[in-house]
Amino acid sequence: GIYKLPTFVKLLSAFNDTDELNINAISNAGTVSSLNMVVGNVTVNATTADPAIIPIVNMLKTEPSYDFEIELDSAFMDSFKKYKLAAEAEVFAFSKKGIDVEIILNYSANNVNQIKFNAKVNDLTSADFLICFNANTFTEIFNANKTCTGKLSVGGTKGCKIEMTDENFNSVYYVKNVNVQS
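In what follows, the accompanying structure is described.

Here is what the cut-offs are and how they apply
- Residues numbered from 1 in each chain as written.
- Predicted model: local features only at pLDDT ≥ 70, side-chain atom pairs only at ≥ 80, totals over all residues.
- Heavy atoms only, no water.
- Helix = DSSP H or I, 4+ residues; strand = E, 2+ residues; numbered from the N terminus.
- Expected span 1.5 Å × (residues − 1).
- Contact = heavy atoms within 4.5 Å.
- Core = buried A, V, L, I, M, F, W, Y, C linked by side-chain atoms within 4.5 Å.
- Buried < 20%, exposed > 50% of the residue type's maximum accessible area, 1.4 Å probe, protein only.
- Pairing = 2+ DSSP bridges.
- Axes fitted to C-alpha atoms, helices over the stretch in contact; angles between N-to-C directions.

Taking 1.5 Å of rise per residue, the 14 residues of helix 2 (residues 74-87) would be expected to cover 20 Å, and the 20 Å separating its terminal C-alpha atoms lies within 8% of that figure. Close packing links the buried residues of helix 2 with strand 4 (68-72), strand 5 (91-97), strand 6 (100-105), strand 7 (115-119), helix 3 (135-144) and strand 11 (159-165).

Shown next, in the form of structure tokens:
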């Protein structure tokens, strides 16, 4: 499996979006030990991890209900990544008050540099809440799906679901919220 997704995504940035990759899996004792990607005279070799060392993730028993949805397009994803970088954000929050949702990059209960912006949402409930997530996780997902559009569904205490769609594939990510001390 791919152990460090950010490193793998950085390796893929050596290619253009329009490049057609030739990918070969190199096996070692029945396990894929690396992926060899070639375009023209450029070769990228990405090592993989033994599946035994990748932590097992619990299966989602039932999908939770969500409180609001945000349509994801390149403008939203690019803005998020730009603001995250500018704020040097590790954590961000969705703050829902009535029908308004504010995204707070570099969220903290302490006095820190922050960037806040409003998101256009499809409101599913009237509950007010604040929920935090790892900003790096979202950046990785957005980078891996930069040619896609999608939908982000957020639940007050339940985490979120990110659905990305392209003409060639669909991806679904379930992301757990993080706790930030007050």
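What follows concerns the nonpolar core. Formed by 30 residues in total, the largest nonpolar core has its most connected members in Ile 70, Phe 94 and Phe 138. One finds Phe 8, Met 37, Val 44 and Ala 46 within the second-largest nonpolar core, a separate group that totals seven residues.

Next up on the list: the sheet that holds strand 9 (residues 129-134). An order of 7-6-5-9 is seen for the four strands of this open sheet, with the pairing classed as antiparallel. Every other strand in the sheet has two partners, leaving strand 7 and strand 9 as the edge strands with one partner each. For this sheet the average axis-to-axis angle between neighbouring strands, irrespective of direction, equals 20°. In terms of strand pairing, strand 6 meets strand 7 through five bridges, oriented antiparallel. Among the inter-strand pairings, Ile 103 is bridged to a residue of strand 7, identified as Phe 117. Packing against the sheet, helix 2 makes contact with strand 5, strand 6 and strand 7, and its axis sits at approximately 165° to strand 7. Sitting on the sheet, helix 3 is in contact with strand 5 and strand 9, with an inclination near 65° to strand 9.

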